[in-house]
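The chain contents come next:
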Amino acid sequence: MFAYGLAGLLLLLNAGGVSHTPPAVPDSAFTEIRAKLRAAEAVYWQDPFDVSAARLADLAGRARKAGDGESYATAMALLGFLRGRLTGAAAAVATLDSAWAGAPASATATLAFIRCAQASLGAGGGLTPAAAVREGLVLARTASNPVVLGACYRTSALILNALLDDPSLPLAQADSAVQVNRAAGDSAQLAISLITNGYLKYNHFELAGAQTELSEALVAARASHAPDLEAGALRWLSAVSWDAGDYATSAGEFLRADTLFRVAHDSAAISELLQGYGVGALARGQADSAEQIFEAWRDAAERRGNMGNMYYARVQLAQVQLVRGRWSDALDRLAAAAAFGRSHGFPAAVSGLRYFEGIALLRMGRLAEAKARFDSALATSGADEYLDQYAIHSRIAETALRAGDTAAALLEITRASDRLDSLRGTLADRDLRPLVFQTRQGYDEADLGFATIVAGLVRGGRREAALRLAEHRRARSLEDRLLRAQLLSTDTAHATPAMSGTTSGDLAAMDDHTAAIEYLAGPAGQPTTRFLVTRAGISAEVLPSLDSLAPDLERFAGLLQSGAASAALATRVSAILLGPAIADLPGSVTRLMIVPDGALHRLPFAALPLADGRPLISRFAVSLAPSLAVAQVLARRRSPGDGPVLALGDPAFGSRQPATARTDVLREAFDLSGGLPRLEASAEEARRAAGYVAGSVLRLGADASEAYLKHTPLTGFRVLHFATHALVDDRTVARTALALSPGDGEDGFVTPGEIAQLSLDADLVVLSACRTADGLVVGGEGVQGLTAPFLQAGARAVLATLWPVTDRSAARFEAEFYRELAGGAPAGEALRRASASAIASGAPASEWAAFVLVGDPSVVVPLRPRADRWRWGAMLLVVALAYGVWRLKLTKGEATMSPEESRPRTRQL
């Protein structure tokens, strides 16, 4: 989405003042010109590009007329970059050639700068870019000019990055540029070098390092009052945010970069950003808007003579037709793009179009032709294009399935998945990073026909093979998520182990008391498959697409949360999702484990009605799991014995830590959702949780801190209870966090990545905050929120909520849940009994259906009440009596209160 144009990027990263050195005794006729040239260099980045270009063109003309060859060459060298941004690469090349021709041999710094700028354009006076930059570096070192030396180091870094697979040498060159500019105290040049460094790290998937470099570049650019440099930093920060899954922040940074590029009148950058807007519109299904944007991008590229963008704009316009489902038009446009690419020097890129041609032919039912295109695309794919090959194999499998060859489809998709996973198992972390982030950027999320293939295998009677494929994909995605958490964290001292081996074992190895339902849903109208796994075996059924069910699912959950209900709607949803298989389960099955997919992650399964109208939770201990294989891993985790509870409540949110980009994003998100008001009742809740086991640790106020959680050994605690605010954004992981007290170098916001790096050996984590079971839903991966990171960190089960619950009802429900745990009930059964108690008391489903257990429902939590527990009971009785008297006194007063004033408080998000 964030293509910038390599030539334009290289120019941007190598422009700047040359700071030429005048001769010892300057000619008096040159004095005024050189003074004005120095003044022009001083405001080079501050003024709009067209204003600076006009000024430098005027100075170049004056210098030439006066016979000042060095000033002429310097002005033309600086002008070359601006003309490239305003007009196109051809104008930049011509201007730099004139600068080189007019520079005297004594102007070593100017010659070095020109040579390195030519190298960045791939047009170094007849030399290859590598040879040109080598010559430029020699000249720059001779001149001892930090501006020029930094520019040449940057060019060298970028050229090496294009030539080498190993990033160490390019990064070393970029670091040299940073050191030179930092020592010289030149904030504008430092910003350019930091942008280069950040881009290189981003290019090699070191997101945390890239974010650090680019954030510092943003500070340096603002210090130099350079809107174009500030825009350059924001543009790549936007790319980092996108790959990190923070789409909201990415969009804001992208739009701000666009605004600043316009302030600078950088027409090249404005044109390049059109591709990002077009891809974004296409991703949202806005084909008409995307088409208009790509046409504008193509026209701008034609005006600038940018053949690369002219070709890729044509490819994107063909993609628009694919999204529209206009297969014949797509084939025509792909053919036109291929013809253009072959005639303008892009033969390798053209070979990649065969994959898209195959998609159009597949959708048209021309299966033999589609298979031929996919085979050709596979044959021309590079040895390291692993995910391209995975996508092609998936399409070949779908083609075989449509031709009725189920065996070939199974062989093809299994071979593709196995090969991809074998590569992941053998590659070093650095090599794994592109796989992880390519997957994150859309390969597994795109319509690769995976759900269609699985449904076809089920229809062909290959249920177990289909389930294994679904599980294989889920387990791989979970391992990817672990790696992403490490890459996005600056704390590399704690390595989170991947859940290796999660696909091993017998998936149907259920005990007599447990059944599991796993769903697999695909995008773009693909069918949904439901698997039912019991000790007796595996059954499966193909259901309608989740897209068609989405309105009913959203309405059912919304009505339940609001306290309303629709029996007809609930029955319809239950009949589709659960079907008669649930009613046919033997009475010995008391636990039902559900592996949801897509929008089903937000569905309150516990409230779905059985045939007799009772909710599902009345018969089964209902729990959720990321996958069946992961559930088996969690079931094998067993605590060494009894242990205390760690309870954190009533954090002190008032203290502010020094602002960082992450802290500002999270604090703003909390502010938009209601802020961080004090939760006084949460202190008593935490006391109750800690009171179940002697020796438990209670942390309240400032002591309920992020620093304590992250820096205290936690493996001895059997239960972790958090009574606090939580922020869960279903659009981005970057706006998801638990709020604890700041201090000791921590901002108080515990993110999913930081949670995943904790070392736990806990039976249970209780997240007593609102919507803690929600989060960003990613196809094939599940929910990226707060629950999965606690499982990754070592917890066996997590109690969380699907929607906001009032303090009062949450306290009642959790007290009953803990009482059942203390009586020896497994976690899933304790949740079922607590729900049953709430139902019996007349509580609406909005109070009990919000609570879900994620993980192992069979875990038994060793809670042993203290001997003085009766004292707590007496105190609670006194509090209850006092509360009753108080409510009697307020009865008349409440009649005059507004609904808002009398509403129970909920914890924010």
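All values reported here derive from a predicted model rather than from experimental measurement.

Trainee: Residue-level account of the packing of helix 15 (residues 287–304) against helix 16 (residues 307–324), with values.
Mentor: Where helix 15 contacts helix 16, the axes come no closer than 8 Å and their chain directions differ by 165°. On the basis of their axis angle, the class for helix 15 and helix 16 is roughly antiparallel. Where helix 15 crosses over helix 16, the two elements pack in a sense that is left-handed. Across from A287, D288, A290, E291, F294, E295, W297, R298, A301 and E302 in helix 15, the residues of helix 16 making contact are N309, M310, Y312, A313, R314, Q316, L317, V320, Q321 and R324.

Trainee: Explain the confidence of the model for the protein to me, using residue names and the numbers behind them.
Mentor: Low pLDDT marks stretches whose predicted atomic positions should not be read closely. In this model, the protein carries a mean pLDDT of 80, and residues with pLDDT of at least 70 account for 79%. Here residues 440–446 is modelled with pLDDT under 50, and outside its nearest four sequence neighbours on either side it reaches 23 contacts, counting other chains as well. Across residues 866–872, confidence stays below pLDDT 50; counting only partners more than four residues off in sequence or on other chains, it has eight contacts.

Trainee: A description of the pattern of salt bridges should follow, citing residues and the corresponding values.
Mentor: Applying the stated criterion across every chain, the model contains 41 salt bridges. Here R395 ties to E398 by a salt bridge, and the two come within 3.6 Å at their closest N and O atoms. Of this pair, R395 and E398 are both found in helix 21 (residues 386–402), three residues apart, which corresponds to roughly one turn of the helix. Accessibility assignment for this pair places R395 and E398 in one class, buried. Within the structure, one salt-bridge network assembled from shared partners comprises E816, R819, E820, E829, R832 and R833.

Trainee: Break down the nonpolar core for me, with residues and values.
Mentor: For soluble globular proteins, the rule of thumb is that nonpolar side chains tend to be buried together. F722 and F790 are the most contacted members of the largest nonpolar core, which has 100 residues in total. Among residues more than four places away in sequence, those in contact with F722 are L648, L709, L738, L740, V765, V766, L767, S768 and F790.

Trainee: So what's going on with the pairing of strand 3 (residues 537–543)? Residues and values would help.
Mentor: Pairing analysis gives seven bridges linking strand 2 (residues 528–534) to strand 3, with the strands arranged antiparallel. Bridged to R530 within strand 3 is E541.

Trainee: Break down the sheet that holds strand 10 (residues 737–739) for me, with residues and values.
Mentor: Spatially, 9-10-11 is the arrangement adopted by the three strands of the open sheet, whose pairing is antiparallel. Each edge of the open sheet is held by one strand with a lone partner, namely strand 9 (726–727) and strand 11 (749–750). With two bridges joining them, strand 9 and strand 10 adopt antiparallel strand pairing. Bridging from a neighbouring strand, A726 pairs with L738 of strand 10.

Trainee: Can you break down helix 35 (residues 807–822) residue by residue, with the values?
Mentor: The first and last C-alpha atoms of helix 35 sit 22 Å apart over 16 residues, in line with the 22 Å expected at 1.5 Å per residue. Here helix 35 has its buried residues at D807, S809, A810, A811, F813, E814, E816, F817, Y818, E820 and L821. Just past helix 35, the residue G824 takes up positive phi, approximately 100°.

Trainee: Mind laying out helix 36 (residues 827–840), listing which residues take part and the relevant values?
Mentor: The first and last C-alpha atoms of helix 36 sit 20 Å apart over 14 residues, in line with the 20 Å expected at 1.5 Å per residue. On the buried face of helix 36, the contacting elements are strand 5 (621–624), strand 15 (797–801), helix 35, helix 37 (845–848) and strand 16 (851–855). Taken from the residues just after helix 36, G842 is the one with a positive phi, measuring 90°.

Trainee: Which residues make up the side chain of Q389, and what are the values?
Mentor: Structurally, the position occupied by Q389 is in helix 21. Using a relative accessible area of 8% as the deciding quantity, one classes Q389 as buried.

Trainee: Any chance you could break down the packing of aromatic side chains for me, citing the residues and the numbers?
Mentor: If you walk through the whole model with that rule in mind, you get 16 aromatic pairs. With a centroid separation of 6.0 Å and 50° between ring planes, the pair formed by Y355 and F374 is classed as tilted. In this pair, Y355 sits in helix 19 (residues 353–363) while F374 sits in helix 20 (residues 367–380), placing the two residues 19 residues apart along the sequence. Each member of the pair, Y355 as well as F374, carries the same accessibility label: buried. Relative to F851, the ring of F813 has its centre 4.3 Å away and its plane inclined at 10°; by these criteria the two rings are stacked. Taken together, the residues F813 in helix 35 and F851 in strand 16 connect sequence positions 38 residues apart. Side by side, F813 and F851 carry an identical accessibility label, which is buried. Taking the ring centre of W236 as reference, the NZ or CZ of R235 above it sits at 3.6 Å.

Calculation criteria
Residue indices follow the written sequence of each chain, beginning from 1 at its first position. Confidence filtering applies because this is a predicted model: local features only for residues at pLDDT of at least 70, side-chain atom pairs given and counted only at 80 or more, and all residues used for totals across whole chains, interfaces and linings. In computing side-chain values, all of the structure's heavy atoms are included and hydrogens and water are not. Lines are fitted to the C-alpha atoms to define the axes, a helix being fitted only along its stretch in contact, and any angle between axes, read from their N-to-C directions, falls within 0 to 180 degrees. Numbering goes from the N terminus for both helices and strands, where a helix is a DSSP run of H or I of at least four residues and a strand is a run of E of at least two. Any angle that falls under 35 degrees is termed roughly parallel, while one over 145 is termed roughly antiparallel, one within 65 to 115 roughly perpendicular, and all others oblique. Helix crossings are classified by the rotation of the near helix relative to the far one: an anticlockwise turn of less than a right angle makes the crossing left-handed, while a clockwise turn makes it right-handed. In what follows, a contact means two residues having at least one pair of non-hydrogen atoms within 4.5 Å. One confidence number per residue, pLDDT, is output by the predictor and ranges from 0 to 100. Each salt bridge in this description consists of a side-chain nitrogen of Lys or Arg and a carboxyl oxygen of Asp or Glu lying within 4 Å of one another. Only protein chains enter the accessibility calculation, which uses a 1.4 Å probe; a residue is then buried when its area is under 20% of its type maximum, exposed when over 50%, and partly exposed in between. To qualify as a nonpolar core, a set must consist of buried Ala, Val, Leu, Ile, Met, Phe, Trp, Tyr and Cys residues joined through side-chain atoms within 4.5 Å. For two strands to be treated as a pair, DSSP must find no fewer than two bridges joining them. Every helix has an expected span of 1.5 Å times one less than the residues it contains. Working definition: a ring pair exists when centres of Phe, Tyr or Trp rings (six-membered ring for Trp) sit within 6.5 Å. Plane angles under 30 degrees give stacked, over 60 give edge-to-face, the rest tilted. We count a charge as sitting over a ring when the NZ of a lysine or the CZ of an arginine lies within 6 Å of the ring centre and within 35 degrees of the ring normal.

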